[in-house]
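Each chain, written out:
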Amino acid sequence: MTKEELMREAIRLSEENVKNGGGPFGAVIAKDGKIVATGTNRVTPDCDPTAHAEVNAIRAASRTLGTFDLSGCEIYSSCEPCPMCLGAIYWAHLDRLYYGNDKRDAAEIGFDDAFIYKELELKPQDRRLKSEELLPDEAVRAFREWADKTDKVTY
């Protein structure tokens, strides 16, 4: 399939998902022009704030390919990914991202992620979500164990 055909499939999924009670977002992961997995936004039907189209597509592709490293794959999203999904795309090592609508289009219909980008620029103590470091001397033990582990699978 061409990249245009793959994007049209992501767009078709987003439109179909609206009719099925989900948000207006769809995603396709492809390898060598063939669809590996798809995902749609199922936040409200699944009562899961992380069930975005891109994350669902990444989870499905990882299961299908049996790997957490999706190098060699591309993602087609009906909309520019939110910060969470963009992070997931980077962590999954996808080679390329294509998107239809952009973040301004999403903001116009009530999906505005600008506040998250602004929050990330602030010091933790200045963010809307109050946070504080707690028991770091105990928490670091797992990090030390990981650092010393000789048979770990790095990611």
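Here the residue index of a chain counts from 1 through its sequence in written order. Thresholds applied to this predicted model are a pLDDT of at least 70 for local features of residues and 80 or more for the giving and counting of side-chain atom pairs; totals over whole chains, interfaces and linings are not thresholded and use all residues. Hydrogens are left out, water is left out, and the side-chain values use all remaining heavy atoms of the structure.

## Remarks on the overall build of the protein
By the criteria applied, helices consist of DSSP H or I runs no shorter than four residues and strands consist of E runs no shorter than two, each listed in order from the N terminus. Secondary structure assignment for the protein yields seven helices and four strands. Seen through its C-alpha atoms, the protein measures out along the principal axes to roughly 50 × 40 × 25 Å. Taking all 155 residues of the protein together, the buried fraction comes to 33%. Contacts are residue-level and defined by heavy atoms, with any inter-residue pair within 4.5 Å sufficient. A separation threshold of at least 6 residues defines the contact pool for the protein, and within that pool the share at least 24 residues apart is 46%. In these tables, accessible area is a Shrake-Rupley quantity obtained with a 1.4 Å probe, and a residue counts as shielded only by the protein chains included in the view. When the accessible surface of the protein is summed, it comes to about 10500 Å², and 53% of that surface belongs to carbon and sulfur atoms. Counting 21 positive and 28 negative side-chain charges, the protein places the centres of these two groups 1 Å from one another. Buried residues are those whose accessible area, probed at 1.4 Å on protein chains only, stays under 20% of the maximum for their type, while exposed residues exceed 50% and partly exposed ones sit between those limits. In this charge count, Lys and Arg are treated as positive and Asp and Glu as negative; neither His nor the chain ends contribute. The location of each charge is read from NZ of Lys, CZ of Arg, CG of Asp or CD of Glu.

## Some words on the nonpolar core
Judged by nonpolar contacts, the single largest core of 22 residues is most densely connected at I29, I58, A61, L70, I75 and L94. Listing elements by their share of this core, those giving two or more residues are β1 (26-31), β2 (34-40), α3 (53-65), β3 (73-79) and α4 (83-92). No other element matches α3, which puts six residues into this core. Residue contacts for A61: discarding those within four places in its chain leaves I29, V36, A37 and L70. In this description, a nonpolar core means a group of buried Ala, Val, Leu, Ile, Met, Phe, Trp, Tyr and Cys residues linked to one another through side-chain atoms lying within 4.5 Å.

## With respect to a nonpolar patch on the surface
Any residue with relative accessible area above 30% and no salt bridge may belong to a patch, with like charges joined within 9 Å and the nonpolar Val, Leu, Ile, Met, Phe, Trp and Tyr side chains within 5 Å. Here, a salt bridge means any Lys or Arg side-chain nitrogen found within 4 Å of an Asp or Glu carboxyl oxygen. Taken together, F68, W146, V153 and Y155 make up a surface patch of nonpolar side chains, about 480 Å² in accessible area. With respect to the helices, strands and loops of the structure, V153 is situated in the segment after α7 (136-148).

## Brief notes about the pattern of salt bridges
This structure, assessed with the given rule, holds four salt bridges. Residue D102 pairs with R104 through a salt bridge whose shortest N-O separation is 2.9 Å. Look at D102 and you get buried, because its relative accessible area is 16%. Members of the salt-bridge network, linked through shared partners, are E9, R12 and E16.

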